[in-house]
Amino acid sequence: MSSGLMRSAPGGEPSPYYLAPSENFSLYQGDCIELVSQLGQEEPFDLIFADPPYFLSNGGVTCKGGRMVSVHKGDWDRSRGADGNHEFNLAWLEACQQALSDNGTIMVSGTHHTIYSIGHAMQQLGFKILNALTWVKPNPPPNLSCRYFTHATETILWAARDKKAKHHFNYKEMKAENGGKQMKSVWTFSPPRKAEKRFGKHPTQKPLPLLERIIRAASDPGHRVLDPFNGSGTTGIAAIRHGRRYVGIDLNDAYLDLSVQRYEELVGDLPDERDLPLVANS
Ligand SMILES: C[S@@+](CC[C@H](N)C(=O)[O-])C[C@H]1O[C@@H](n2cnc3c(N)ncnc32)[C@H](O)[C@@H]1O
């Protein structure tokens, strides 16, 4: 067990599951709807990235490596029905809104299964939607049924806390990254590479270069970044690589342990994850 590992104390302030010695990287185990409000009271967050359940684990199949496999990702991904899913989205988005700093923003990823509910919940709560980014996957898995176009994109909604917020955007950095031209809202990134999964796999792990761009676009070094659906900790690794402070929350301790391994390797000065090049925007 790592020296930075802690277990939650019953009652009172939430105790981190893991707190790095630098205190710049902390993980909490539990339901984000409860934890976000408590953690945001201490100090608000400048940027929140959320990759919530897509509610797809309902007995379907997909294609992986040319084979038909179950899409069951875990009980956390089971649908609660359209109304139940929307209530859940409203609840965690409201907690995040209250935990954002005045000019802070939130980015939420999803497919057509969830993104309309997320967008509607944002409108109901009075967020200001800034962009709908499209993440293009250059080599998506084929569609086995041959009855649909193969799914090759995800949407990332970017929103400010409210209509008056002067949201933070590193416009010049993004323009420079795009060869001196304004960066478009369509980004191409390949799925996570093997090196990003060497401590174990998370069924919905996001590519590190995608999270690095999000972190650099919408926060500055020293800013406090939250991911309420931490998973394998991709947001945290991107945040630390760019000098931000990170708080991650997940229900599942195995995913938190995976995140600790990724973090400890990063700060242990093993170069490979740090040296991952950004994939060019096309
Ligand atoms: C789509 S995955 C996130 C994957 C992550 N972006 C990554 O790169 O690894 C969603 C995660 O949210 C967690 N989760 C689901 N419901 C939750 C809740 N109510 N509170 C906290 N975590 C939750 C799941 O355990 C799962 O790891």
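These numbers come from a predicted model, not from an experiment.

Quick notes on the overall build of the protein
Scanning the protein for helices and strands turns up seven helices and eleven strands. Considering the protein as a whole, with its 282 residues, one finds that 37% of them fall into the buried category. A sequence separation of at least 24 residues applies to 67% of the contacts in the protein between residues at least 6 apart.

Some points on the confidence of the model for the protein
Scored by pLDDT, the protein has a mean of 89; 85% of the residues are at 70 or more. Per-residue pLDDT stays below 50 along residues 6–10; that stretch engages in eleven contacts with residues further than four places along the chain or on separate chains. For the stretch residues 277–282, pLDDT sits under 50, and the model shows twelve contacts to residues farther than four places along the chain or on other chains.

Quick look at the site of the ligand
Taken together, 18 residues lie near the ligand, and Asp51, Phe229, Gly231, Ser232 and Thr234 sit nearest. Looking at side-chain class alone, the shell around the ligand contains seven nonpolar, seven polar and four charged residues.

Quick look at the sheet that holds strand 7 (residues 128–136)
Reading across the sheet, the nine strands line up as 1-2-11-10-3-6-8-7-9 and stay open at both edges, with mixed pairing between neighbours. Sheet topology places strand 1 (18–19) and strand 9 (186–188) at the edges, where each strand pairs with a single neighbour. Where helix 1 (residues 32–42) meets the sheet, its contacts fall on strand 2 (25–29), strand 3 (45–50) and strand 11 (245–250), and the angle it forms with strand 11 comes to roughly 155°. This element, helix 2 (residues 81–99), spans strand 3, strand 6 (100–110) and strand 10 (224–227) of the sheet and lies at about 150° to strand 6.

Structural notes on the packing of helix 5 (residues 208–218) against helix 6 (residues 234–241)
Remark: helix 5 packs on helix 6, axes separated minimally by 8 Å, with the N-to-C direction vectors making an angle of 55°. Considering the angle they form, helix 5 stands oblique to helix 6. The element helix 5 and its partner helix 6 pack so that their crossing is right-handed. Contacts from Leu208, Leu211, Glu212 and Ile215 of helix 5 reach helix 6 at Thr234, Thr235, Ile237, Ala238, Ala239 and Arg241. Here the residues of the contact of helix 5 with helix 6 are counted per class, giving six nonpolar, two polar and two charged.

Remarks on unusual backbone geometry
A positive phi is found at Glu23, a non-glycine position, where the angle reads about 65°. Residue placement: Glu23 occurs in the loop between strand 1 and strand 2. The exposure class of Glu23 is exposed, given the 10 C-beta atoms found within 10 Å. With a phi close to 60°, Cys146 is a non-glycine residue in the positive phi region. Examined against the element boundaries, Cys146 turns out to sit in the loop between strand 7 and strand 8 (153–160).

Parameters at a glance
- Residues numbered from 1 in each chain as written.
- Predicted model: local features only at pLDDT ≥ 70, side-chain atom pairs only at ≥ 80, totals over all residues.
- Helix = DSSP H or I, 4+ residues; strand = E, 2+ residues; numbered from the N terminus.
- Buried ≥ 20, exposed ≤ 12 C-beta atoms within 10 Å, placed from the backbone.
- Contact = placed C-beta atoms within 7 Å.
- pLDDT = per-residue confidence, 0-100.
- Near = placed C-beta within 6 Å.
- Nonpolar A, V, L, I, M, F, W, Y, C, P; charged D, E, K, R; others polar.
- Pairing = 2+ DSSP bridges.
- Axes fitted to C-alpha atoms, helices over the stretch in contact; angles between N-to-C directions.
- Parallel < 35°, antiparallel > 145°, perpendicular 65-115°, else oblique.
- Left-handed = near helix turned anticlockwise from the far one by under 90°.

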